[in-house]
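# Descriptive analysis of the structure
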Amino acid sequence: MPISPLAGKPAPKEMLVDPVRLEREYYERRPDLDDPGQLVSFGTSGHRGSPYRGSFTEAHILAITQAICEYRKSQGTSGPLYMGKDTHALSGPAQRTALEVLAANGIEAMIQRDDGVTPTPVISRAILVRNRLRTEHLADGIVVTPSHNPPEDGGFKYNPTNGGPADTDVTKWIENRANELLRNDNAGVERVTFTIAIRAETTHEEDFLLPYVNDLRNVIDMDAIRGAALQIAVDPLGGAAVHYWEPINAIYKLEIAVVNPKVDPTFSFMTVDHDGAIRMDCSSPYAMARLVGLKDRYRVAFANDADADRHGIVTPAAGLMNPNHYLSVAIAYLLTHRPDWPVVAAVGKTLVSSSMIDCVVQKLGRRLFEVPVGFKWFAPGLFDGSCCFGGEESAGASFLRRDGSVWTTDKDGLIMNLLAAEITARTGKDPGEHYRALTAEFGTAYYTRIDAPATLEQKAKLERLSPEAVKAPKLAGDSISATLTRAPGNDAPLGGLKVVTRNGWFAARPSGTEAVYKIYAESFKDEQHLQAIVEEAQQIVTNA
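Residues numbered from 1 in each chain as written. Predicted model: local features only at pLDDT ≥ 70, side-chain atom pairs only at ≥ 80, totals over all residues. Heavy atoms only, no water.

## Here we look at the packing of helix H2 (residues 58-74) against helix H5 (residues 168-183)
- At a minimum axis separation of 8 Å, H2 and H5 run at an interaxial angle of 125°. When the axes of H2 and H5 are compared, the pair comes out oblique. For the pair H2 and H5, the sense of crossing is right-handed. Residues Ala59, His60, Ala63, Ile64, Gln66, Ala67, Ile68, Glu70 and Tyr71 of H2 form the contact with H5, whose own contacting residues are Val170, Trp173, Ile174, Arg177, Ala178, Leu181 and Leu182.
- By residue class, the composition of the contact of H2 with H5 is 12 nonpolar, two polar and two charged. (Axes fitted to C-alpha atoms, helices over the stretch in contact; angles between N-to-C directions. Helix = DSSP H or I, 4+ residues; strand = E, 2+ residues; numbered from the N terminus. Parallel < 35°, antiparallel > 145°, perpendicular 65-115°, else oblique. Left-handed = near helix turned anticlockwise from the far one by under 90°. Contact = heavy atoms within 4.5 Å. Nonpolar A, V, L, I, M, F, W, Y, C, P; charged D, E, K, R; others polar.)

In structure tokens, the structure reads:
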């Protein structure tokens with residue numbers, strides 16, 4: 001994909017979204033139900049869309065929230081529902097719409113007081129704390145966020161009683177019921193006015209921030225960070241974590257510099273991403289250009305996306321770390337600095353994450369739990385402690401408390417950021433230096449991800465492939481040692497294909513929203529070998 005000439009540069013004014021127009025479209029636009037792209041569709045992280053595309057409107061949120069009300073009733077979920085939102089322009093309107101439906105259905109809704117914003121992991125932790133030692137009247141949650149998506153997008157995701165992203169059977173039920181309601185012009189939706197909803201006996205405003213911040217000492221060695229007196233910086237990228245860092249400083253007596261405290265629904269302070277869009281992607285060097293530019297002023301710096309479930313780590317030597325590199329370092333450190341973790345607990349990774357993780361886990365004598373794309377696969381293991389760490393190549397991860405019990409079952413970008421500070425404080429080396437040591441031991445891993453054009457028919461074929469469909473005996477000169485269409489960790493279908501050799505691998509899976517399939521590839525030889533893997537991967541997928 002060509003790089004936009006605007007990539008890494010400040011967003012020009014003509015690119016900025018008009019929040020007033022966007023909100024008007026949210027309320028007034030009616031989705032075209034003959035267009036599949038305008039129906040409710042839960043991907044790996046909930047339903048996302050934009051009023052400008054007819055895919056995220058009040059009609060959608062009314063239908064989805066009513067479907068969630070009916071789903072939780074069918075499951076006997078009768079406790080409170082914790083709801084958070086991020087700083088996208090549509091998150092406030094969508095939360096208000098959802099509250100109207102929740103109140104009409106008599107559901108106890110817990111929201112951040114003073115109309116505040118809340119990171120995704122804070123909601124996950126709140127659900128788990130509420131449900132601890134309970135067997136009935138369990139809580140669940142909703143997070144209103146499109147994550148790192150552009151400012152004109154909205155998002156809406158459901159977390160059931162285990163606190164993590166809803167599994168496929170849950171999201172399919174909600175999706176089907178919501179679309180049924182849409183097709184009936186939402187006649188089955190129960191609703192009151194917002195004035196009634198916000199004053200209802202079932203609507204409660206409380207503080208989610210301080211309980212989360214006070215609990216951080218139980219997952220991160222905050223004393224070590226304070227004692228090292230490191231120069232640390234954070235850029236919340238205008239997201240939901242923006243108001244969390246000063247309380248963290250105050251409670252733990254730290255001096256983390258918040259280099260960008262701004263909140264602006266146009267995200268006008270962002271530098272433009274690789275494709276010319278404004279995107280709060282903390283793993284993109286283009287979106288992170290401002291923080292990367294400050295790398296030599298701080299021992300370690302970090303950022304989060306808009307709902308703070310993703311992390312971006314910046315060090316003087318490495319600049320913005322590749323997410324795979326940091327995951328490898330984090331796992332190596334945690335497995336040697338968490339003595340109370342159960343030794344039988346597995347390390348979770350998605351099949352498209354780096355094989356450097358495999359090397360680290362094998363060396364330390366731990367079990368690898370390799371699953372398809374989607375953090376939902378880690379939620380059960382993090383919940384019961386059988387998985388001590390779960391991480392995705394897209395810069396999302398979480399891990400257990402220091403005592404080996406559950407912290408969150410959704411991605412937590414704040415603890416991954418603070419872990420970078422803990423690593424630096426306790427070892428005297430930043431994560432970039434640690435990764436260099438891993439490459440000296442295991443070799444350099446060359447990794448890439450690209451999008452390749454694909455028709456609907458090609459995408460459907462790729463999703464249904466069997467291992468026998470791969471006829472090629474070799475990949476980039478090496479004999480193929482494994483051809484996978486199901487995950488080794490849990491035997492769940494990949495929705496695509498992974499081909500492995502001694503010196504590299506590739507995985508291909510169709511995009512759920514675009515006319516492309518994604519190729520992930522890695523080589524332990526060199527860039528030329530990586531390019532050969534990518535080229536031959538496309539040929540293998542075409543011939544399969």
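## So, the packing of helix H11 (residues 323-337) against helix H15 (residues 431-442)
- Relative to each other, H11 and H15 sit at 85°, their axes nearing to 9 Å. If you check the angle between H11 and H15, you find them roughly perpendicular. The segment H11 lies against H15, with His325, Tyr326, Ser328 and Val329 engaging Pro431, His434, Tyr435 and Leu438.
- Split by residue class, the contact of H11 with H15 holds five nonpolar, three polar and no charged.

## Digging into unusual backbone geometry
- The phi dihedral of Phe267 falls on the positive side, at around 50°, and the residue is not glycine.
- Mapped onto the fold, Phe267 is located in the loop between strand S9 (257-258) and helix H10 (289-292).
- Phi is positive for Ala395, which is not a glycine, with a value near 75°.
- Its place among the elements puts Ala395 in the loop between strand S15 (387-392) and strand S16 (396-399).
- By relative accessible area, Ala395 is classed as buried at 0%. (Buried < 20%, exposed > 50% of the residue type's maximum accessible area, 1.4 Å probe, protein only.)

## A few points about the pairing of strand S20 (residues 493-501)
- In terms of residue burial, S20 counts as a mostly covered element, since seven of its nine residues are buried.
- Note: strand S19 (residues 478-486) against S20, five bridges, orientation antiparallel. Among the inter-strand pairings, Thr483 is bridged to a residue of S20, identified as Val499.
- Once S19 ends, the chain turns through six residues before running back antiparallel as S20, passing Asp491 with a positive phi of about 60°.
- In terms of strand pairing, S20 meets strand S21 (residues 504-510) through four bridges, oriented antiparallel. The residue of S21 that forms the bridge with Val500 is Trp505.
- The loop that links S20 with its antiparallel partner S21 comprises two residues. (Pairing = 2+ DSSP bridges.)

## Some points on the sheet that holds strand S8 (residues 232-235)
- Taken in spatial order, the five strands line up as S9-S8-S10-S11-S12 in an open sheet, and their pairing is mixed. Looking at which strands have only one partner, the edges of the open sheet turn out to be S9 and strand S12 (319-320).
- Pairing of S8 with S9, which is carried by two bridges, proceeds in the parallel orientation. Among the inter-strand pairings, Ala233 is bridged to a residue of S9, identified as Ala257.
- Across the sheet, helix H14 (residues 413-427) touches S8, strand S10 (300-304) and strand S11 (311-315), and the angle it forms with S10 is around 175°.

## Points about the pattern of salt bridges
- The tally for this structure, following the rule as stated, stands at 32 salt bridges.
- Between Arg113 and Asp114 there is a salt bridge, and its shortest N-O distance comes to 3.9 Å.
- A salt bridge links Lys411 to Glu392; the nearest nitrogen and oxygen atoms lie 3.8 Å apart. You can see Lys411 sitting in the loop between S16 and H14 and its partner Glu392 sitting in strand S15, a full 19 residues away along the chain. The same class applies to Lys411 as to Glu392, namely buried.
- Via salt bridges that share partners, Lys157, Asp307, Asp309, Glu392 and Lys411 belong to a single interconnected network. (Salt bridge = Lys/Arg side-chain N within 4 Å of Asp/Glu carboxyl O.)

## Description of the nonpolar core
- Core analysis: the biggest nonpolar cluster contains 75 residues, and Trp245, Ile248, Phe389 and Phe399 have the highest contact counts within it.
- Aside from chain neighbours lying at most four places away, what touches Phe389 is Leu327, Ala330, Ile331, Leu334, Ala346, Val347, Gly348, Leu382, Ala397, Ser398, Phe399 and Met416.
- Counting 41 residues, the second largest nonpolar core, distinct from the first, contains Met83, Ala94, Leu99 and Ala103. (Core = buried A, V, L, I, M, F, W, Y, C linked by side-chain atoms within 4.5 Å.)

## Some words on helix H17 (residues 527-543)
- Compared with an ideal rise of 1.5 Å per residue, which puts 17 residues at 24 Å, H17 spans 24 Å between its outermost C-alpha atoms and is within 8% of the ideal.
- For H17, the set of buried residues is His529, Leu530, Ile533, Val534, Ala537, Ile540 and Val541. Buried residues along H17 cover an arc of 145° about the axis, so they all sit on one side. Among the exposed residues of H17, those oriented more than 90 degrees off its buried face are Gln528, Thr542 and Asn543.
- The N-capping residue of H17, defined by a side-chain oxygen 3.2 Å from the backbone nitrogen of Gln528, is Asp526. (Expected span 1.5 Å × (residues − 1). Arc of directions from axis to C-beta. Polar contact = N/O pair within 3.5 Å; in protein donor to acceptor, adjacent residues only side chain to side chain.)

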